[in-house]
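# Residue-level structure breakdown
Each chain is listed here by its residues.
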Amino acid sequence: MEMRYKLLGGSGLKVSEISLGTMTFGEDWGFGASAEACRGILEAYRARGGNFIDTANKYTNGSAERIVGELVRGDRGAWVIATKYSLSMNDADPSASGNGRKNLVQSVEASLKRLGTDYIDLLWVHAWDWTTPEAELMRALDDVVRAGKVLYVGMSDAPAWVVSRANAIAELRGWSPFIGIEIEYSLIERTVERELVPMASRLGLGVLAWAPMAGGVLTGKYTRGGGKDAARAAMNQGRLDERGLRVARAVDAVADELGCSSAQVALAWLRSRPAQVIPIIGARKPEQMQDCLGCLDVVLPAAALERLDAASRVPLGFPYEFLGDPGTERVVYGATAARLDVTNPVRRLASGG
């Protein structure tokens, strides 16, 4: 199937339904791809219609941004480039980290230089820092938008209440709001369905999912007897518990039945979610990217979705299970409870309905 395009959140920004992740662009961290391999990865992505590149100033110590800039040179306008700031770029300098205005300004200037461009399509706040006031953050982000250096802004790795409060401030004061959130989301990591995903649906925010294959756990790497990725094994320890491996084996079983790869099943599941979810796919080899993009051709049957949901479901916790209990609904709505079209939105997302 051909790549489709979405308007990200409530904006007019047109992005492909799959984003190209570039944390593997560059060999500075010991597990990335060479510049030549990166070119092959980008070409494979572009050949399927992709236009949405996700990078960050921190990735491979800045090499990822430089490689992206070189690869899109001459065709910059056809690409939607998203980058991030917040994480420390100099451990000895407290001003080189965090979400405050000073780090924002110097980070944007440095990213523009590495990317070789005069504007960034989408700037993500990489992580909530627990110190910068929401009003300062949103005003500073609005300033770089008004200066023409950034077109849109988004928030990565933050509590739902932070995003909601920040956007309320921005909307009240006529500043640029977040148009999307970037979160870890996969069959192994579904706790985001408690607060973050329902918030995004309610507020009209796009959802970009990082680690959609759970660091390779959902590719069959650890369940089909293949070689282990020593460079990233330590990063996956929290995903390789009994539950994580059970989910991975369920993905493998569905893949075998459908005649596709486990990675394609994991990505197809994300693309089937009720919310507007865009998986971020990274690779170290062009053939890996080509395999992942095969998820565009995979449609999961209802029975397969039910099995995957059963293997990966997480408890919603309070207050959602309390509010969704039939007894509670009877008290809240009275005798008409059974005749009201009332659904718990978080329960709906968690069940895939």
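So, here is what we can say about the structure in this document. (Residues numbered from 1 in each chain as written. Predicted model: local features only at pLDDT ≥ 70, side-chain atom pairs only at ≥ 80, totals over all residues. Heavy atoms only, no water.)

## Let's talk about the overall build of the chain
From N to C terminus, the chain includes 14 helices and 10 strands. The globule rule puts the C-alpha radius of gyration for 353 residues at 20 Å, and the 21 Å found for the chain is close to it. Principal-axis analysis of the C-alpha atoms places the extent of the chain at approximately 60 × 55 × 40 Å. Put simply, the chain has 353 residues, and 54% of those count as buried. When contacts within the chain are restricted to residue pairs at least 6 apart in sequence, those whose partners lie at least 24 apart make up 76%. A total of about 15,500 Å² of accessible surface is found on the chain, and carbon and sulfur atoms cover 53% of it. (Helix = DSSP H or I, 4+ residues; strand = E, 2+ residues; numbered from the N terminus. Rg over C-alpha atoms; globule rule 2.2 N^0.38 Å. Buried < 20%, exposed > 50% of the residue type's maximum accessible area, 1.4 Å probe, protein only. Contact = heavy atoms within 4.5 Å. Areas by Shrake-Rupley, 256 points an atom, 1.4 Å probe, with all protein chains shown as cover.)

## What to know about the pattern of salt bridges
Going through the model one piece at a time under the given rule, you end up with 19 salt bridges. Notably, a salt bridge pairs E182 with K84, separated by 3.6 Å at the nearest N-O pair. Highlighted residues: E182 in strand 8 (residues 178–184) and K84 in strand 5 (residues 80–85), separated in sequence by 98 residues. For the pair formed by E182 and K84, the shared burial category is buried. For the salt bridge of R273 with E193, the shortest nitrogen-to-oxygen distance reads 3.0 Å. Residue R273 is located in the loop between helix 9 (262–271) and strand 10 (277–281), and its partner E193 is located in the loop between strand 8 and helix 6 (196–203); the two are separated by 80 residues in the primary sequence. By relative accessible area, which is 8% here, R273 ends up buried. (Salt bridge = Lys/Arg side-chain N within 4 Å of Asp/Glu carboxyl O.)

## Remarks on the packing of aromatic side chains
On inspection of all chains with the given rule, the structure shows 4 aromatic pairs. Measuring from centroid to centroid gives 6.3 Å for W29 and F31, while their planes differ by 50 degrees, and the two rings are tilted. According to the relative accessible area criterion, W29 is partly exposed, its value standing at 32%. Here the aromatic rings of Y45 and W79 are separated by 6.4 Å at their centres, their planes lie at 25 degrees, and the arrangement is stacked. Pair noted here: Y45 is in helix 1 (residues 35–47) and W79 is in the loop between helix 2 (63–72) and strand 5, with a separation of 34 residues, a long-range link. Across this residue pair, the class does not change: Y45 and W79 are buried. Of note, R76 hangs over the ring of Y119, and the distance from its end group to the ring centre comes to 4.1 Å. (Phe/Tyr/Trp six-rings, centres within 6.5 Å; stacked < 30°, edge-to-face > 60°. Lys NZ or Arg CZ within 6 Å of the ring centre and 35° of its normal.)

## Observations concerning the sheet that holds strand 4 (residues 52–54)
Strand order in this closed barrel of 8 strands is 3-4-5-6-7-8-9-10, and the pairing throughout is parallel. Direction aside, the axes of adjacent strands within the sheet are offset by 30 degrees on average. In this fold helix 1 packs onto strand 3 (19–21) and strand 4, with an angle of close to 170 degrees to the strand it touches most, strand 3. Against the sheet, helix 5 (residues 160–173) touches strand 7 (150–156) and strand 8, its axis set at about 170 degrees to strand 8. (Pairing = 2+ DSSP bridges. Axes fitted to C-alpha atoms, helices over the stretch in contact; angles between N-to-C directions.)

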